[in-house]
Amino acid sequence: MQRLTIPSFLTDLAAEPRAIRALVAASAAIGAAGLNPTVFSPGYPSVQAALRSEPDVEILLLLATLIGAGLLFVGGILSDSDGRRGILLGALALLVVTGLLGLVATEGPIFLTSRLAGTAAANAVVPFALALVATMYHGITRATAIGIVYAVYGGAVALAPVLVTLLGPGGSTWPAFAVAAAAAAVALWIAAPRTPDLPAMLRHERSYVVATAVWAFAIVIVTSGIVGTGNGVNDPVRVALIGIGAVMAAGYLVWARKRGGEPEAGHLHVERRAVTIAVAVGLVIGFAQAGPLFQLTLFFNIVLRYGTLGATVATAPFIVALIVAGPVAGMLLVRYSPRALISGGLAAVGMGNVVAALVLGPQAPYIAMALSFALIGTGFVITTTVRTAIIFASVPRGLPGTAAALNQASVQVGSRIGLVVLTVVTTRLALDAFGSSLGAADPGQRDAAVAAFADVLKAIGTPAMGPIALTIAPNDLTAYSAAFTDALRQALLGTGLVTLVAAPIAWAMLGRRDPLTTVWDHSDERTGSASMFGG
């Protein structure tokens, strides 16, 4: 019998004992961060109801998302300027406390305070964990390790809202907080003996940490404005975001020009072109993955009547693709160029959206939907893993926390925007489709019928849905399902086409130069500078 051989791209992970221990610690920690219940996420029923009834809420959610991204950069600054493992361990301990508080305080000031503290703690864990893996591994092995960490994080983030709604609309959220507290406690136990300190900047070099974080945050803000809020090109919020980000980026460039002659400047060079492209790709891929996946889960739940648990199980091919594609992405980098993998990953996610749009309907074959989920999951992880490698290769070795924050912030913002925009757009399209289906009905009756459908859309996933569902006539239910399906089909097709267009653009913008052959693995080593680190 032939002996099973483990692929070298996996065995290389364990070549250095300290590195594999750090990988285990980082995976446990980032999994705990992903499970932190973010009850104000645009994916939760109460927030969805607010979005469908008051579309202007999307502006508040976008601002809250950018504030969350800002907290990620604060965590990155702490990791780079301090680097002590106590940052990670303290954040995990805080996640344990906030998870336990969520079991006993389900509303009021204590609950709100615990959720804010939990979000801050999770945003401190993510950059530290990613930076830990990035500093322990090199080259292709680093990409494989990052892929594993992101697979864990992606699975945890996907599971978190399921746990919140596990007991149904209006049910207790205790499973989410119990699992979150337990996961954080286990992660703390695993990480305590396995987490080393990160390299830290010397005091006189910390201004570079802050300045680079400001520039990175500016790029995220500008790209968020370009992706938009779903209100058209002339949306004032869009214009304001682009303007604010541009001013911040210009301020950084002025600062960098003034400090360019100092000895440290050469060692802290950032490949801005590669990073900017990677950030833009992150927002697009986050948008094209999170929004469609959430809306398709709703489709299984309310149109095909799978129920909450059944709809979640139906998306299993996405989770499987996340887990499998993560470690494989590093192996693919050996054979294919980064720009081929990024453009290919974008194309896969785009095709996944298009396939879902083409087959969507009450009689949609599940095998086609499974293919759609697999394409979205595989493309998302491969693109995310490779663009993460590009960002880390384009930021100096002394700024791993900032690189991790920049990487995560772009995907996080893109995902949140995707959830918000697709919810608002799908709602508008569904109401328009239903209104059009009424034909030449009396205007008063037509408005009343559309208002009734709007109430149904607002109630999806909330306790109010039960009583409302009992009052819906069978004919109306059929019309509602058809309108929602048609709206979702248009939204998925539009998202897929935009992502497919982004694929060749990313290919062209990345150019022939290998974006992994930049400052991380080469310039720092050539200079031999030890001044970047506190040791």
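Residues numbered from 1 in each chain as written. Predicted model: local features only at pLDDT ≥ 70, side-chain atom pairs only at ≥ 80, totals over all residues. Heavy atoms only, no water.

### Quick word on the overall build of the protein
The helix and strand inventory of the protein stands at 20 helices and zero strands. In the protein, which comprises 535 residues, the share counted as buried stands at 54%. For the protein, the computed accessible surface area is about 21,600 Å², with 68% contributed by carbon and sulfur atoms. (Helix = DSSP H or I, 4+ residues; strand = E, 2+ residues; numbered from the N terminus. Buried < 20%, exposed > 50% of the residue type's maximum accessible area, 1.4 Å probe, protein only. Areas by Shrake-Rupley, 256 points an atom, 1.4 Å probe, with all protein chains shown as cover.)

### Regarding the side chain of Asn123
Within the secondary structure, Asn123 is located in helix α6 (residues 108–136). Reaching out from Asn123, the side chain makes a polar contact with the backbone oxygen of Gly68 at a distance of 3.4 Å. Sequence-distant contacts of Asn123, defined by excluding residues within four places in its chain, comprise Gly68, Leu71, Leu72, Gly75 and Gln412. (Polar contact = N/O pair within 3.5 Å; in protein donor to acceptor, adjacent residues only side chain to side chain. Contact = heavy atoms within 4.5 Å.)

### A word on the packing of helix α11 (residues 272–303) against helix α16 (residues 400–437)
Angle between the axes and distance between the axes are the two parameters that describe a pair of packed helices. Their axes nearest at 6 Å, the elements α11 and α16 cross at an angle of 40 degrees. When the axis of α11 is compared with that of α16, the two are oblique. Between α11 and α16 lies a crossing whose hand is right-handed. (Axes fitted to C-alpha atoms, helices over the stretch in contact; angles between N-to-C directions. Parallel < 35°, antiparallel > 145°, perpendicular 65-115°, else oblique. Left-handed = near helix turned anticlockwise from the far one by under 90°.)

### Digging into the packing of aromatic side chains
The tally for this structure, following the rule as stated, stands at ten aromatic pairs. Taken together, the aromatic side chains of Phe299, Phe300, Tyr366 and Phe373 make up a single cluster linked through ring pairs. Above the ring of Trp507, the side-chain terminus of Arg339 is found at 3.8 Å from the ring centroid. (Phe/Tyr/Trp six-rings, centres within 6.5 Å; stacked < 30°, edge-to-face > 60°. Lys NZ or Arg CZ within 6 Å of the ring centre and 35° of its normal.)

### Overview of the nonpolar core
Residues Phe73, Leu92 and Leu406 are the most contacted members of the largest nonpolar core, which totals 146 residues. The leading source of residues in this core is α11, at 18 residues. Residues in contact with Leu406, not counting those within four places in the same chain, are Phe73, Trp215, Ala216, Val220, Val275, Val279 and Ile391. Counting residues in each nonpolar core, the second largest holds five residues, with Val47, Leu51, Leu61 and Val420 among its members. (Core = buried A, V, L, I, M, F, W, Y, C linked by side-chain atoms within 4.5 Å.)

### Observations regarding a nonpolar patch on the surface
Together, Leu94, Val97, Leu100, Leu101, Leu103, Val104, Ile110 and Trp174 make up an exposed nonpolar region whose accessible area comes to about 730 Å². Here Leu103 lies in helix α5 (residues 86–104). For Leu103, a relative accessible area of 35% gives the class partly exposed. (Patch = residues over 30% accessible without salt bridge, like charges linked within 9 Å, V, L, I, M, F, W, Y side chains within 5 Å. Salt bridge = Lys/Arg side-chain N within 4 Å of Asp/Glu carboxyl O.)

### So, the side chain of Thr427
Summarising the element assignment, Thr427 is placed in helix α16. At 2.7 Å, the side chain of Thr427 forms a polar contact with the backbone oxygen of Thr423.

### Some thoughts on the pattern of salt bridges
Opposite charge on two side chains lets them pair, provided their charged atoms get close. Under the definition given, this model contains two salt bridges. Measuring nitrogen to oxygen at the nearest pair gives 3.7 Å for the salt bridge that ties Lys458 to Asp455. One end of the pair, Lys458, and the other, Asp455, are both in helix α17 (residues 443–459), three residues apart, so they sit about a helical turn from each other. Asp486 is the salt-bridge partner of Arg489, the closest N and O atoms lying 3.6 Å from each other. Separated by three residues within a single helix, Arg489 and Asp486 lie in helix α19 (residues 474–510), roughly one turn from each other. A relative accessible area of 29% means that Arg489 is categorised as partly exposed.

### Brief notes about the environment of Val386
On the secondary structure map, Val386 appears in helix α15 (residues 366–394). Through-space distance from the C-alpha of Val386 to that of Ile342 is 6.6 Å; in sequence the pair is 44 residues apart. Non-local contacts of Val386, meaning those with residues more than four positions away in its chain, are made with Leu333, Pro338, Leu341 and Ile342.

### A short note on the environment of Ala403
In this fold, Ala403 is placed in helix α16. Overall, Ala403 belongs to the buried group, its relative accessible area being 0%. Sequence separation of Ala403 and Thr388 is 15 residues, and the distance between their C-alpha atoms is 8.5 Å.

### Regarding the packing of helix α2 (residues 17–35) against helix α8 (residues 174–191)
Between α2 and α8, the least distance of the axes is 8 Å, while the angle of their chain directions is 160 degrees. Accordingly, the angle class assigned to the pair α2 and α8 is roughly antiparallel. Two packed elements cross with a definite hand, and for α2 against α8 that hand is left-handed. Side by side, α2 and α8 meet where Val24, Ala25, Ala28, Ala29, Ala32 and Leu35 of the first sit next to Val179, Ala180, Ala183, Ala184, Ala187, Ile190 and Ala191 of the second.

### A short note on helix α14 (residues 338–359)
For an α-helix, 3.6 residues make a turn, and residues three or four places apart therefore share a direction. Its 22 residues give α14 an end-to-end C-alpha distance of 32 Å, which sits within 8% of 32 Å, the value for a rise of 1.5 Å per residue. When you tally the buried positions in α14, you get 16 out of 22 residues, the bulk of the element. (Expected span 1.5 Å × (residues − 1).)

### What about the environment of Val303?
Summarising the element assignment, Val303 is placed in helix α11. With 182 residues separating them along the chain, Val303 and Thr485 place their C-alpha atoms 7.8 Å apart.

### Let's talk about the confidence of the model for the protein
Looking at the protein, pLDDT values average 79 and 84% of them are 70 or higher. Throughout residues 261–266 the model reports pLDDT below 50, and contacts reaching past four residues in sequence, or to other chains, amount to seven contacts. Across residues 520–535, where pLDDT falls below 50, the model places 45 contacts with residues more than four positions away in sequence or in other chains. (pLDDT = per-residue confidence, 0-100.)

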